[in-house]
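Structural description and commentary
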Amino acid sequence: MRIGLAQIKPHLGRVDKNLELHIRFIEEARDQGVELLVFPELSLTGYGLLDLTYEVAKKIEAAEIQTLVKEAKELDLLFGFVEHSPEHLLYNSALYASKQEIKYLHRKVYLPTYGMFDEGRYFASGQTIRSFATRFGQMGTLVCEDIWHTSSPYLLVQDGAEVIIVLSNSPAKGLKETGMSTQENWYRLLQTQAQLNGVYLLFANRVGVEDGTTFFGGSAVVTPFGTIQKTASLFKEELVVVDIDLDLVRKARFQMPLLRDEKMELVIRELERISRQRSERGWK
Amino acid sequence: MVEQLLAQVPFLRLDEKLVTELLTTSLREEVEKAGFQRVVIGLSGGLDSALSLYLAVRALGAENVIAVRMPYRTSSPASLADAQLAIDDTKVQSYTIEITEQVDAYFARFPQATVLRRGNKMARERMSILYDLSAYHQALVIGTSNRTELLLGYGTQFGDSASAINPIGDLYKTQVWQLAAYLGVPEPIITKPPSADLWENQTDEAELGFSYQEVDAFLYYWVDQQYTKDQLRTLFPAPFIEKVMKRVVQNRYKRTMPVILKVSNRTIGQDYRYLRDAGL
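By convention here, each chain's residues receive numbers from 1 onward along its written sequence. Whichever chain is written first is A, and whichever ligand is written first is 1; the rest continue in order. Thresholds applied to this predicted model are a pLDDT of at least 70 for local features of residues and 80 or more for the giving and counting of side-chain atom pairs; totals over whole chains, interfaces and linings are not thresholded and use all residues. Excluding hydrogens and water, the side-chain values take into account all heavy atoms of the structure.

Here we look at the overall build of chain A
Quick note on the threshold: Helix and strand labels come from DSSP, where a helix needs a run of H or I of at least four residues and a strand needs a run of E of at least two; each type is numbered from the N terminus. The reference for a compact globule is 2.2 Å times residues^0.38; the radius of gyration itself is calculated from the C-alpha atoms. The buried label goes to any residue with under 20% of its type's maximum accessible area, the exposed label to any with over 50%, and the partly exposed label to all in between, with areas taken from a 1.4 Å probe on protein chains only. Only heavy atoms matter for contacts: two residues are in contact if any of them lie within 4.5 Å across the pair. For the area figures, the Shrake-Rupley method with a 1.4 Å probe applies, and any residue is considered shielded solely by the protein chains shown. Counting rule for charge: Lys and Arg are taken as positive, Asp and Glu as negative, and neither His nor the chain ends is counted. Taken as the charge centre is NZ of Lys, CZ of Arg, CG of Asp or CD of Glu, depending on the residue.
Looking only at helices and strands, one finds eight helices and 14 strands in chain A. For 284 residues, the compact-globule estimate of 2.2 N^0.38 gives 19 Å, and chain A sits close to it at 19 Å. For chain A, the spread of C-alpha atoms along the three principal axes comes to 50 × 45 × 45 Å. Counting over 284 residues, chain A shows a buried share of 54%. Counting only contacts in chain A whose residues sit at least 6 apart along the sequence, the fraction spanning at least 24 positions is 66%. Accessible area for chain A stands at about 12,300 Å²; split by element, carbon and sulfur atoms hold 51% of it. Charge separation in chain A, taken as the distance between the mean sites of 34 positive and 38 negative side-chain charges, equals 4 Å.

Below, the structure is given as structure tokens:
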């Protein structure tokens, strides 16, 4: 299966320009025989929207969204945008389109609202973490901070995912004697989660700068054994094309049957006990 | 010298190659996004403006960088010569505009003015020249204030602190030294004692009352590592801690936009929030 990671540099708040950018990358990916093309988080809008969040939000019926859905003909597409829900809530969403139809919509659950991040001020939090069927197999998608909560990839894998796709807008920060901490932390996390869950992890991160904050790129493909198969360059816009072998999921899970031995019922039981005890304990 | 300095504060050491790549990429993108190709930089002959110059040249090419020397009659001739070293080395276009006449004309009304007032006035004259040349050359003003002096408020509000983009504002002075050495800033600029050069024989460390190495280490533990005051006291003398903290707090006003008194429901900066880059 040939996947593409579109490591793009969106224009902040310019859905028109970003739509053109998407089309350009889709055409290039199509020429290279890509079967699934993944864009980063909020790829249609850029990240630091603040009050622009209200202005760039799109219902899934909107022309821009439908244009992209229609582009998903021979290749499947996954992209990010500000979703205007029927209840007039705004979500940081990722949309999976295939055969010119919307197959799945993931609404970011964990909205970072600390340090330099302020997503909880603008976005509603998604309420589901579920896998979905694609023509390639069962997949799951997470948006950036979602995967930092260890329950997210856990749930997707229990729900059957063989590939987890993470759409991200991760900034370059924490530079130190060698390298930068954000990039190191990301790769460590992706490798660990891929290995512990026996899944492919596809990481699509953006590049470009918004008011001094640079997004580092470094999009990556991690195998179900936890090894990095491919990384994109730092800070540069590019299309990364990688052939992945979904049979590696079988091999990884045969060699290390962590999923087989997982005790979901135990987890549920213990979590229910903990939750009950916490609520009964009250303030004490 | 730089290696000796870093050996004492190894936790401040940065990946020089990566920082350079990050800063030159983001500087170029921010300039271009704003619709500009060129930049203008006030070059004092000191370390900070030299580093900004070298980063700008790497980001945009020498042909897009304009360096401006703006000496006052008491400015050190060595500073002027050092600035020339950087200009010759980078081969950028340059101006030398004396500010003596305009500053002296103003203070003819206030012959008793303190050195502080005079120093601030000089910094703001330089700023106004840079912004005039900015309009003349369609070139953005590039900042030269490092993270240490921004935190300490060791600069003139709307003077040397004014710029469109500041590439070195997130680097402590110690890190400015490291990066300047890496980028090949001429030796005399790196080895001389830092000075605002607003009056004769002024040096930063004498005026501040502590060394950059000392205060950078302190700021690292306080700002970056979030040590509590009790924890800081195990590493630094109490009077020094008080002195630095007081400076940082007192000068907070220099690091923010002017306060706007709220009347409407959507006050600029409070509940009317947009990034500068939005829509570009």
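Topic: the nonpolar core
All names here are of chain B. The condition that has to hold: Buried Ala, Val, Leu, Ile, Met, Phe, Trp, Tyr and Cys residues that are joined via side-chain atoms within 4.5 Å together make up what is termed a nonpolar core.
Counting residues in each nonpolar core, the largest one holds 63 residues, and the members touching the most others are Leu 53, Leu 171, Phe 218 and Val 244. With 10 residues, the top contributor of residues to this core is helix α3 (residues 47-60). Sequence-distant contacts of Phe 218, defined by excluding residues within four places in its chain, comprise Leu 232, Phe 236, Phe 240, Ile 241, Val 244 and Met 245.

Description of the sheet that holds strand β1 (residues 2-7) of chain A
Residue and element names in this part refer to chain A. Which entries qualify depends on this criterion: Only strands joined by at least two bridges in the DSSP assignment are considered to pair. A fitted line through C-alpha atoms serves as each axis, taken over the contacting stretch for helices, and the angle formed by two N-to-C directions is quoted from 0 to 180°.
Across the sheet, which stays open at both edges, the six strands sit in the order β5-β4-β3-β2-β1-β14 with mixed pairing between neighbours. Strands at the two margins of the open sheet, each flanked by one partner only, are β5 (101-107) and β14 (238-243). Strand-to-strand twist of the sheet, defined as the mean angle between neighbouring strand axes without regard to direction, takes the value 25 degrees. In terms of strand pairing, strand β4 (residues 90-98) meets β5 through six bridges, oriented antiparallel. Opposite Ser 98, over in β5, you have Glu 101 as the bridge partner. On the sheet, helix α1 (residues 15-31) packs against β1, β2 (36-38), β3 (76-84) and β14 and is oriented at approximately 35 degrees with respect to β14. Where helix α3 (residues 63-71) meets the sheet, its contacts fall on β3, β4 and β5, and the angle it forms with β3 comes to roughly 170 degrees.

Points about the interface of chain A and chain B
Rules: Two parts placed together each lose some accessible area under a 1.4 Å probe, and the buried area is that loss summed for both. Each reported salt bridge corresponds to a side-chain nitrogen of Lys or Arg within 4 Å of a carboxyl oxygen of Asp or Glu. Definition of a polar contact: a pair of N or O atoms within 3.5 Å, with one able to donate and the other able to accept a hydrogen when the atoms are protein atoms, and with sequence-neighbouring residues admitted only if both atoms are side-chain atoms. Classification convention: Asp, Glu, Lys, Arg as charged; Ala, Val, Leu, Ile, Met, Phe, Trp, Tyr, Cys, Pro as nonpolar; all other residues, Gly among them, as polar.
Across the boundary between the two partners, chain A contributes 30 residues, which contact 24 residues of chain B. The contact between chain A and chain B buries some 2,200 Å² in all, and 56% of this surface belongs to carbon and sulfur atoms. Together, Leu 175, Asp 211 and Phe 235 of chain A form the three largest contributors to the area buried by chain A at its contact with chain B, with a combined 26%. In this structure, the connection of chain A to chain B is made through four salt bridges. Between Arg 273 of chain B and Asp 118 of chain A there is a salt bridge whose closest N-O contact spans 3.6 Å. For the interface between chain A and chain B, the tally reads 16 residue pairs in polar contact (both at pLDDT 80 or more). Considering only residue class, the side of chain A that touches chain B consists of 11 nonpolar, seven polar and 12 charged.

Some remarks on the packing of aromatic side chains
Residue and element names in this part refer to chain B. For clarity, the threshold we go by: Only rings of Phe, Tyr and Trp enter the pairing, Trp through its six-membered ring, and a pair is recorded when the two centres are within 6.5 Å. The plane angle decides the type: under 30 degrees is stacked, over 60 is edge-to-face, the rest tilted. Note on criteria: charge over ring means Lys NZ or Arg CZ within 6 Å of the ring centre, with the direction from the centre no more than 35 degrees off the ring normal.
In the structure shown here, the tally under the stated rule is 23 aromatic pairs over all chains. Every member of this aromatic cluster is reached through a ring pair, and the members are Phe 11, Phe 210, Phe 218, Tyr 220, Tyr 221, Trp 222, Tyr 227, Phe 236 and Phe 240. Here Lys 121 stacks its cationic end above the ring of Tyr 106, 4.4 Å away from the centre of that ring. When the ring centre of Tyr 212 is taken as origin, the NZ or CZ atom of Lys 173, which lies over that ring, is 5.3 Å away.

Regarding the pairing of strand β3 (residues 93-96) of chain B
Residue and element names in this part refer to chain B. Threshold: Clockwise travel from the first strand over the helix to the second, with the strands pointing away from the viewer, marks a crossover as right-handed.
As paired elements, strand β2 (residues 65-69) and β3 share four bridges and run parallel to each other. Its bridge partner lying in β3, Arg 69 is registered against Thr 96. With helix α4 (residues 77-90) bridging β2 and its parallel neighbour β3, the resulting β-α-β unit is right-handed.

Some words on the sheet that holds strand β12 (residues 220-222) of chain A
All names here are of chain A. One open sheet accounts for six strands, arranged β6-β7-β8-β9-β12-β13; its pairing is mixed. Every interior strand has two partners, whereas the edge strands, β6 (132-134) and β13 (228-231), have only one. In this sheet, adjacent strand axes meet at a mean angle of 25 degrees when their direction is disregarded. Pairing analysis gives five bridges linking strand β7 (residues 137-143) to strand β8 (residues 163-168), with the strands arranged parallel. The residue of β8 that forms the bridge with Leu 142 is Val 166. Here helix α4 (residues 151-158) sits on the sheet in contact with β7 and β8, set at roughly 165 degrees to β7.

Some details on the environment of Arg 38 of chain B
Residues and elements named next belong to chain B. Considering the arrangement of structural elements, one finds Arg 38 in strand β1 (residues 38-42). Taking the C-alpha atoms as reference points, Arg 38 and Glu 242, separated by 204 residues in sequence, lie 43 Å from one another. Sequence-distant contacts of Arg 38, defined by excluding residues within four places in its chain, comprise Val 31, Asn 64, Ile 66, His 137, Gln 138, Ala 139 and Leu 140. Within polar-contact distance, the side chain of Arg 38 engages the backbone oxygen of His 137 at 2.8 Å.

Let's talk about α1 of chain A
All names here are of chain A. Rules: Helix span is expected to be 1.5 Å times the residue number reduced by one.
For α1, built from 17 residues, the straight-helix expectation of 24 Å at 1.5 Å per residue is met to within 8% by its first-to-last C-alpha distance of 24 Å. Those residues of α1 lying buried are Val 15, Asn 18, Leu 19, Leu 21, His 22, Ile 23, Phe 25, Ile 26 and Ala 29. On its buried face, α1 is in contact with β1, β2, α2 (52-56), α3, β3 and β14.

Some details on empty space enclosed by the protein
Left-over empty space is what a probe sized like a water molecule reveals as it rolls over the atoms. Residues and elements named next belong to chain B. Applicable threshold: Buriedness of a pocket was judged along seven lines, with at least five required to meet protein on both sides within 12 Å; pockets are open sets of points on a 1 Å grid over the protein atoms alone, cavities are sets where a 1.4 Å probe fits but cannot get out, and lining residues have an atom within 4 Å of a point. Grid points are joined across faces, edges and corners, and a volume is the space filled by probe spheres set on the points.
A complete count under the given rule lists one cavity of 30 Å³ or more for this structure. The volume enclosed by the largest cavity comes to roughly 80 Å³. Lining the largest cavity are Ser 145, Glu 149, Leu 150, Gly 153, Tyr 154, Gly 155, Thr 156, Asp 160, Ser 161, Lys 254 and Arg 255. For the lining of the largest cavity, the class distribution of residues is two nonpolar, five polar and four charged.

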